[in-house]
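# Summary of the model geometry
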Amino acid sequence: MNNLLEINQIKKNYITDREEIKAIEDITLQIHKGEIVTLIGSSGCGKSSLLSILAGIDKETDGFFFFHKENPVIGYMLQNDALFPWLTIYQNALLGLKIQKKKTKESENYVKDLFKKYKLEEFMNKYPHELSGGMKQRVALIRTLAIKPDILLLDEPFSALDYQSRLAVSDDVFNIIKKENITTIMVSHDIAEAISMSDRIVVLSKRPCYVKNIYDIVLTNKKNPIENRKAKEFSDYYNKIWKDLDINV
């Protein structure tokens, strides 16, 4: 596989008034073009911190990472949809393009095509409060896709949804990512969700985190996330990852 991103010995410490907190001990990874990689680990272990570093938001780190592409476009989608309530969902979807000064007739048509492709065309002039939580997450994804990212960073993108909506939206998001062939790094606390969506799962240790284990997810008749949960290998992956997490309850 072709590597899109190489992460080399990333380390991160936070300085407070009282102490220095080591958040990331050492993370070294290679991310292949077109794959979905999920980072999973206990709460506060440093998963979201790593995404912030890769997005260029947090620059106070040791180690380095580099893309095998000049001037890569990075899409970053947070836990909540972050839609502005006073804008229509179509206007919301154009925000990234406006901020990056890439809004053209061609890019507008691309966004309209995304709405049509993912069955939201009839809601384009609606406002966020008129949509379900799942639909708002789809709009947030379209807004991120509008800039045509080379890599997509997803930070717990389904955590605000109820269980049934979470299943449905994870299925939709997976299908969209695969159809658009976008390399994706996702953070999740949900082992089942990670197995069902990922090509690889990276298990991180407790803080300060390091890469504890990496699983290539190979499922019989691999399809979409809902169907993947029925695969015979699913429970075996689940049990191994659960043991790796070493969560005391």
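Starting from 1, residues in each chain are numbered consecutively following that chain's sequence as written. Totals for whole chains, interfaces and linings use every residue, but because this is a predicted model, local features are given only for residues with pLDDT of at least 70 and side-chain atom pairs only at 80 or more, for both listing and counting. Side-chain numbers here rest on the full set of heavy atoms in the structure, without hydrogens or water.

Moving on, we get to the packing of aromatic side chains. Two rings from Phe, Tyr or Trp (for Trp, the six-membered ring) form a pair when their centres sit within 6.5 Å of each other. Planes less than 30 degrees apart are called stacked, planes more than 60 degrees apart edge-to-face, and all others tilted. Using the criterion set out here, one finds four aromatic pairs in the structure. With a centroid separation of 6.1 Å and an interplanar angle of 85°, the aromatic rings of Phe65 and Phe67 are classed as edge-to-face. We count a charge as sitting over a ring when the NZ of a lysine or the CZ of an arginine lies within 6 Å of the ring centre and within 35 degrees of the ring normal. The ring of Tyr110 is capped by Lys148, whose NZ or CZ atom sits 4.5 Å from the centre of that ring.

Between its terminal C-alpha atoms helix α6 (residues 163-180) stretches 26 Å, which fits the 26 Å expected from 18 residues at 1.5 Å a residue. Any residue under 20% of the maximum accessible area for its type is buried, any over 50% is exposed, and the rest in between are partly exposed; the area is computed with a 1.4 Å probe on protein chains only. Helix and strand labels come from DSSP, where a helix needs a run of H or I of at least four residues and a strand needs a run of E of at least two; each type is numbered from the N terminus. Among the residues of α6, those classed as buried are Arg166, Leu167, Val169, Ser170, Asp171, Val173, Phe174, Ile176, Ile177 and Glu180. Here the expected span of a helix is defined as 1.5 Å times the quantity of residues minus one.

Turning our attention to the pattern of salt bridges. We define a salt bridge as a side-chain nitrogen of Lys or Arg found within 4 Å of a carboxyl oxygen belonging to Asp or Glu. A full pass over the atoms with the stated rule returns 12 salt bridges. Residue Arg166 is joined to Glu193 by a salt bridge in which the shortest nitrogen-to-oxygen separation is 2.8 Å. Of this pair, Arg166 sits in helix α6 while Glu193 sits in helix α7 (residues 191-197), placing them 27 residues apart in sequence. For the residue pair Arg166 and Glu193, the accessibility class agrees, reading buried in each case. Residues Asp199 and Lys222 are paired through a salt bridge, measuring 3.8 Å at the closest nitrogen-oxygen approach. Of this pair, Asp199 sits in the loop between α7 and β8 (200-204) while Lys222 sits in the loop between β9 (209-216) and α8 (225-228), and the two are 23 residues apart along the sequence. If you follow the salt bridges from partner to partner, you end up with Lys178, Asp199 and Lys222 in one network.

The strands that make up a sheet are held in pairs by hydrogen bonds between backbone atoms, and each pair lies either parallel or antiparallel. By this definition, two strands are paired if DSSP reports at least two bridges between them. Strand order across the open sheet formed by nine strands is β4-β1-β2-β9-β8-β3-β7-β6-β5, with mixed pairing between neighbours. Of all strands in the sheet, those bounded by a partner on one side alone are β4 (62-67) and β5 (74-77). Pairs of neighbouring strands in the sheet enclose a mean axial angle of 20°, with direction left out of account. Sheet topology note: the strand β3 (residues 36-40)/strand β7 (residues 183-188) ladder contains five bridges and is parallel. When the sheet's bridge partners are listed, Ile40 is paired in β7 with Ser188. In what follows, residue pairs with any heavy atoms lying within 4.5 Å of each other are defined as contacts. To get an axis, a line is fitted to the C-alpha atoms, and for a helix only the part in contact is used. The angle between two axes follows their N-to-C directions and goes from 0 to 180 degrees. Across the sheet, helix α5 (residues 133-145) touches β5 and β6 (151-155), and the angle it forms with β5 is around 160°.

Another point: the packing of helix α4 (residues 105-117) against α5. α5 packs onto α4 with a crossing angle of 150° between their chain directions and a minimal axis gap of 10 Å. With respect to the hand of their crossing, α4 and α5 are arranged in right-handed fashion. Here Tyr110, Val111, Leu114 and Phe115 of α4 lie close against α5, whose contacting residues are Val139, Ile142 and Leu145. Here the nonpolar group is Ala, Val, Leu, Ile, Met, Phe, Trp, Tyr, Cys and Pro; Asp, Glu, Lys and Arg are the charged ones; every other residue, Gly included, is treated as polar. Within the contact of α4 with α5, the residues separate by chemical class into seven nonpolar, no polar and no charged. The sense of a crossing depends on the near helix, which, turned anticlockwise from the far helix by less than a right angle, makes the crossing left-handed and, turned clockwise, makes it right-handed.

Within this scheme, the nonpolar core is defined by two criteria: the residues are buried Ala, Val, Leu, Ile, Met, Phe, Trp, Tyr or Cys, and they are joined through side-chain atoms within 4.5 Å. Formed by 36 residues in total, the largest nonpolar core has its most connected members in Val111 and Phe115. For this core, the elements supplying multiple residues, two or more each, are α2 (89-93), α4, α5, β6 and α6. Among the elements that line this core, the one with the most residues is α5, at six residues. Once you skip the residues sitting within four places of it in the chain, Val111 turns out to touch Tyr90, Ala93, Leu94, Leu97, Ile142 and Ala146.

With that out of the way, let us pick up the environment of Val139. Position of Val139 among the secondary structure elements: in helix α5. The exposure class assigned to Val139 is buried, which follows from its relative accessible area of 0%. Expressed as a C-alpha distance, the spacing of Val139 and Tyr215, which sit 76 residues apart in the sequence, is 31 Å. Aside from chain neighbours lying at most four places away, what touches Val139 is Leu83, Ile89, Phe115, Leu120 and Leu131.

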